[in-house]
Amino acid sequence: MNRTWIILGATSSMARAFARAVSQEGAGVLLAGRDSEDLAALAADCRLRGARIAEAVAFDARRPDGFAAIIQRMEAEEGELNAAVFVGSMPEQAAIDADPSLIDGTVTDSFTGPARFLQMLAPLMEARGGGTVVGVASVAGDRGRLGNYVYGAAKAGFATYLSGLRNRLTRAGGHVVTVKPGFVDTAMTWGLPGMFLVATPEKVAEDIQKAVRKKRNVIYTPFFWRYIMLIIIHIPELIFKKMKI
Amino acid sequence: MLWKSADYSGWGRVLQAKGEIARPERQAALAALLDDGLLPAMGMRRSYGDAALNSDGRAVDMTRLDRMLGFDPETGILDVEAGARIGEIAAAFGPKGWLPAVMPGTGFATVGGCIGQDVHGKNHHHAGSFCEHVVSLTLRTAKGVVEVTPEKTPALFRATAGGLGQTGVILSARLRLLPCKGDVMVVTERRMADWEEFIAHLDTSRATYTVGWIDATAKGAALGRGVLEEGETGSGLMPQRIKRRKVPLDAPNFALSSPIVRMFNGAYYRRVPEKGRTVVRPISDFFFPLDKIHDWNRLYGKRGFHQFQCVVPLDQAPALRDMLGEIAGSGLASPLAVIKRMGPGRAGYLSFPMEGYTLAVDFPDRAAARELIKHMQARATEVGGRIYFAKDSLARPEEIPAMYPELDLWRKEVTKADPEGRLATDLVRRLKLRVAK
Ligand SMILES: Cc1cc2nc3c(=O)[nH]c(=O)nc-3n(C[C@H](O)[C@H](O)[C@H](O)COP(=O)(O)OP(=O)(O)OC[C@H]3O[C@@H](n4cnc5c(N)ncnc54)[C@H](O)[C@@H]3O)c2cc1C
């Protein structure tokens, strides 16, 4: 089967691990992001690991006028089309408190930008009658917390969007996997205090691949975050609102 | 965040450091970091001692700059970022009929780390050292990014190969891979009854890959007994076992006590039938036997451990046998003990290899073991041998010039490449490598 993945936000370490994993299986990868030099290095790496094709593609969540060209590039590939979304930005909550206009960029990067892209891609996937969308949301979207509620709200919006998209694509033979990673060892979490049970990007990529194969709907990675979040979600608001976690 | 405050150590966990570490994921981020001044680089910190430590200072972790950038099947030359792991390269290229020409005993070692220690593999007697297969490398020195090759910049190349990261940060390298038949190994294992038989077989082995496991607890007539392994690459199908095991906790101290090690070694020796056997293994099992168990260094418990590795000239085999006798008599060794015959191949001023025999033995960290290791280091020096910086945490500065006669040539190049001494590591300071006498 001829498979192609568009990977949005391909310079992140989770995306890199995922791109390598699907390359090893011979899929084609279109690596989308802003740092073209870095993407070119990753594309070479994916080719040497077995990708059918690997190309860098310019993508900026905040510049939707570039999206149509990417969709066109995808259309040129025969067979199954898939998308994996790793984009998102998380300014410190304190920075947002000082400059509320940062909310717009956070929401665009983490939710509306990729949603708009997927909205443009959906008809093509429906026409091909299959394919999978992997959307990376976050445990931060399960409940608003003092530390990062703007980022959390954007990811919650994205998760809700993915749930609706799943409803839509399933009808056409496609599938959507929502991924909620806990703490992952990335540049974003490097050196942050209070990290525990940190997963490697490779482990997350492995979990995502498994979820794609088994057509899982919503996964937490590593799995135990489902239970951690279950507890956090069930703390009564009366208590939660006074907590600092 | 850019900087992580960390307590960290080398593989042996005896020597520790506290400092700030950055781990850039893109070349642009690394370049920006080094614009503020050079920093010592570290790979996977598989060096046992303090080669990759910088106490109370800063360092840059290269492991996320790990991409393969290009390969030319005509020449077999692979262009690769310095943080890429050897095992990953082998896994990607073995099935296509290519392997890194030299592979150390762990696939977790990075290209940068293999250059920094000019590592050797089980084929050293044929293939020489790692850096003899480095066609060129890009190095960030105090003067900026330079292309270093053995032909155009021989002195800088020789100072960088095995140069412990002191000439600059290696960004990427072009490696000449070696053609292989496929990614399985045909391995012949034979019992060696004693030292004489072992040396005789090491001397006459014609195999591409040759290594010996030695029972460092066997005494008397059995002194030097072990298992000789000879391997050739082959083609075929071998189910790739990906199950890795982890060591979840630091083991208690008695885990490697002398009766247990003796029992284990006896069983390990007899595992191979008396008449020997030939088996087929995945390449990773042959080259990186310990990588299947993640964090196996925790088996030594919290106190950590040392590896003593020396090489002595060919005519000093009896001295090596005497050292082994002392080790066996002490009852301090762990099951991990390896013997190899080395060829003359070395690429740098401070490269470890010399034509002769090399012995490597692990010891849990105890006062008696430290004393024994220091004593053997002195012995190795006396007989014209040397110890390996990748394994050392106990050597003394005054021993080094005799072991490494090209030290002053190295110093000269290092001073040019890093005049401010920003790249110094704990090992370099401990052994006063950069300070002239
Ligand atoms: C189980 C095991 C088996 C081993 N078997 C062998 C063997 O058979 N043969 C052998 O020769 N060695 C062997 N070793 C030693 C190992 O190969 C070396 O210590 C190697 O250097 C480890 O690579 P690393 O990436 O962990 O480097 P590190 O230990 O992190 O660094 C090693 C040195 O290289 C420098 N360095 C690392 N990256 C860069 C860079 N990008 N730019 C500049 N300098 C850099 C560091 O400053 C340091 O001085 C073994 C080690 C283990 C744990």
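Residues numbered from 1 in each chain as written. Chains lettered and ligands numbered in written order. Predicted model: local features only at pLDDT ≥ 70, side-chain atom pairs only at ≥ 80, totals over all residues. Heavy atoms only, no water.

**Focus: the overall build of chain A**
- Scanning chain A from N- to C-terminus turns up 9 helices and 7 strands.
- Projected onto its principal axes, the C-alpha coordinates of chain A cover approximately 55 × 35 × 30 Å.
- Out of the 245 residues in chain A, the part that is buried amounts to 53%.
- If you take every contact in chain A between residues at least 6 apart in sequence, the share linking residues at least 24 apart comes to 71%.
- Put simply, chain A has 29 plus and 24 minus side-chain charges, and the middle of one group is 8 Å from the middle of the other. (Helix = DSSP H or I, 4+ residues; strand = E, 2+ residues; numbered from the N terminus. Buried < 20%, exposed > 50% of the residue type's maximum accessible area, 1.4 Å probe, protein only. Contact = heavy atoms within 4.5 Å. Lys, Arg positive; Asp, Glu negative; His and termini not counted. Charge placed at Lys NZ, Arg CZ, Asp CG, Glu CD.)

**Considerations on the site of the ligand**
Residue and element names in this part refer to chain B.
- Taken together, 33 residues surround the ligand, and among them Ala41, Arg46, Ser47, Thr110 and Tyr388 come closest.
- In this structure, an oxygen atom belonging to the ligand sits 2.8 Å away from a main-chain N or O atom of arginine 45.
- Here arginine 46 contributes a backbone N or O atom positioned 2.7 Å from an oxygen atom of the ligand.
- Look at the ligand: alone it shows 960 Å² of surface, and the protein chains cover 95% of it.
- Here the shell around the ligand takes 3 residues from helix 3 (residues 111–116), the largest share from any one element.
- Residue composition of the shell around the ligand, by class: 18 nonpolar, 12 polar and 3 charged.
- Split by domain, the shell around the ligand shows at least three residues from each of two domains, domain 1 (68–181) and domain 2 (184–398). (Near = heavy atom within 4 Å. Polar contact = N/O pair within 3.5 Å; in protein donor to acceptor, adjacent residues only side chain to side chain. Areas by Shrake-Rupley, 256 points an atom, 1.4 Å probe, with all protein chains shown as cover. Nonpolar A, V, L, I, M, F, W, Y, C, P; charged D, E, K, R; others polar. Domains from an automatic or database assignment.)

**What about the interface of chain B and chain A?**
- Contact with chain B, which involves 21 residues of that partner, is made by 21 residues of chain A.
- Run the count over chain B and chain A and you get 7 salt bridges.
- Scanning the region where chain B abuts chain A turns up 16 residue pairs in polar contact (both at pLDDT 80 or more).
- Where the side of chain B that touches chain A is concerned, the elements lending two or more residues are strand 2 (16–22), strand 5 (68–72) and helix 2 (86–93) of chain B.
- Considering each element in turn, the side of chain B that touches chain A owes the most residues, 4 residues, to strand 5 of chain B.
- Residue classes in the side of chain B that touches chain A are distributed as 11 nonpolar, 1 polar and 9 charged. (Salt bridge = Lys/Arg side-chain N within 4 Å of Asp/Glu carboxyl O.)

**Describing the pairing of strand 4 (residues 58–61) of chain B**
- Note: strand 2 of chain B against strand 4 of chain B, 3 bridges, orientation parallel. Within the sheet, the bridge partner assigned to Ile21(B) lies in strand 4 of chain B and is Ala59(B). (Pairing = 2+ DSSP bridges.)

**A short note on the sheet that holds strand 6 (residues 175–181) of chain A**
Residue and element names in this part refer to chain A.
- Spatially, 3-2-1-4-5-6-7 is the arrangement adopted by the 7 strands of the open sheet, whose pairing is parallel. The open sheet has two edge strands with one neighbour each: strand 3 (54–58) and strand 7 (218–221). Between one strand axis and the next, the sheet turns through 20 degrees on average, direction left out of account.
- By the bridge criterion, 3 bridges tie strand 4 (residues 80–85) to strand 5 (residues 132–136) in an arrangement that is parallel. The partner of alanine 83 across the bridge, within strand 5, is valine 133.
- Strands strand 1 (3–8), strand 4 and strand 5 of the sheet are contacted by helix 5 (residues 102–128), whose axis makes an angle of about 160 degrees with strand 4. (Axes fitted to C-alpha atoms, helices over the stretch in contact; angles between N-to-C directions.)

**So, the pattern of salt bridges**
Residues and elements named next belong to chain A.
- A complete count under the given rule lists 50 salt bridges over all chains for this structure.
- For arginine 213, the salt bridge identified is with glutamate 25, shortest N-O distance 3.7 Å. One end of the pair, arginine 213, is in helix 7 (residues 201–213); the other, glutamate 25, is in the loop between helix 1 (13–24) and strand 2 (28–33), with 188 residues separating them in the sequence.
- Taking relative accessible area as the criterion, arginine 213 reaches 57% and is therefore assigned exposed.
- For glutamate 25, a relative accessible area of 52% corresponds to the exposed category.
- Note that glutamate 55 and arginine 73 form a salt bridge whose closest N and O atoms lie 2.7 Å from each other. Residue glutamate 55 is found in strand 3, and its partner arginine 73 is found in helix 3 (residues 67–75); the two are separated by 18 residues along the sequence.

**As for the environment of Gly10(B)**
Residue and element names in this part refer to chain B.
- Examined against the element boundaries, glycine 10 turns out to sit in the loop between strand 1 (4–9) and strand 2.
- The buried category is assigned to glycine 10, whose relative accessible area is 6%.
- Sequence separation between glycine 10 and aspartate 50 is 40 residues, and the spatial gap between their C-alpha atoms is 6.0 Å.
- Excluding anything up to four places from it in sequence, glycine 10 contacts Leu15, Arg45, Ser47, Tyr48, Gly49 and Leu53.

**Examining helix 5 of chain A**
Residue and element names in this part refer to chain A.
- Here helix 5 is 27 residues long and its end C-alpha atoms lie 38 Å apart, about the 39 Å a rise of 1.5 Å per residue gives.
- At threonine 108, helix 5 shows its maximal kink, close to 55 degrees.
- Phi for glycine 129, located one or two positions after helix 5, is positive at around 75 degrees. (Expected span 1.5 Å × (residues − 1). Bend = angle between axes of the 7 residues up to and from the residue.)

**Digging into the packing of aromatic side chains**
- Applying the stated rule across the entire model yields 26 aromatic pairs over all chains.
- An angle of 65 degrees between the planes, with centres 4.6 Å apart, marks the rings of Trp213(B) and Tyr268(B) as edge-to-face. Here Tyr268(B) lies in helix 7 (residues 258–271) and Trp213(B) lies in strand 13 (residues 209–214), a separation of 55 residues in the sequence.
- Every member of this aromatic cluster is reached through a ring pair, and the members are Phe183(A), Phe196(A), Phe223(A), Phe224(A) and Trp225(A).
- Taking NZ or CZ as reference, Arg58(B) lies 3.9 Å from the ring centre of Trp3(B), over its face.
- Lying over the aromatic face of Tyr269(B), Arg225(B) brings its terminal NZ or CZ to 4.5 Å of the ring centre. (Phe/Tyr/Trp six-rings, centres within 6.5 Å; stacked < 30°, edge-to-face > 60°. Lys NZ or Arg CZ within 6 Å of the ring centre and 35° of its normal.)

**Comments concerning the pairing of strand 2 of chain B**
All names here are of chain B.
- Two strands pair when backbone bridges link them, and strand 1 and strand 2 are joined in this way by 6 bridges, in the antiparallel orientation. Each residue of the ladder has a partner; that of lysine 4, found in strand 2, is isoleucine 21.
- Hairpin remark: strand 1 followed by strand 2, antiparallel, with 6 residues in the connecting loop; positive phi at arginine 13, about 65 degrees.

**Notes on the sheet that holds strand 18 (residues 305–313) of chain B**
Residue and element names in this part refer to chain B.
- The 8 strands are arranged 16-12-14-13-19-20-18-21 in an open sheet whose pairing can be described as antiparallel. Bordering the open sheet on either side are strand 16 (277–282) and strand 21 (386–387), each of which pairs with just one other strand.
- Across 6 bridges, strand 13 lies against strand 14 (residues 226–234) in antiparallel orientation. Counterpart to isoleucine 214 in the pairing with strand 14 is glycine 226.
- In the packing of helix 7 onto the sheet, contacts are made with strand 12 (184–192), strand 13, strand 14 and strand 16, and the angle to strand 12 comes to roughly 115 degrees.
- Along the sheet face, helix 10 (residues 367–382) touches strand 18, strand 20 (356–364) and strand 21 and points at about 15 degrees away from the line of strand 18.

**A closer look at the environment of Met403(B)**
Residue and element names in this part refer to chain B.
- Along the chain, the position of methionine 403 falls in helix 11 (residues 400–403).
- Sequence spacing of methionine 403 and arginine 386 is 17 residues, and the spatial spacing of their C-alpha atoms is 4.9 Å.
- Setting aside anything within four residues of it in sequence, one finds methionine 403 in contact with Gln377, Thr381, Gly385, Arg386 and Ile387.

**Concerning the nonpolar core**
- In this structure, Phe93(B), Phe130(B), Phe363(B) and Leu433(B) are the most contacted members of the largest nonpolar core, which totals 115 residues.
- Among the elements that line this core, the one with the most residues is helix 9 (residues 317–330) of chain B, at 7 residues.
- Looking at which domains feed residues into this core, each of domain 1 (68–181) and domain 2 (184–398) of chain B supplies at least three.
- Ignoring anything within four residues of it in the chain, the contact list for Leu433(B) reads Leu164(B), Phe389(B), Ile400(B), Leu407(B), Trp410(B), Arg411(B), Leu427(B) and Val428(B).
- Core analysis: the next-biggest nonpolar cluster, separate from the first, contains 32 residues, Met14(A), Val184(A), Val212(A) and Ile219(A) among them. (Core = buried A, V, L, I, M, F, W, Y, C linked by side-chain atoms within 4.5 Å.)

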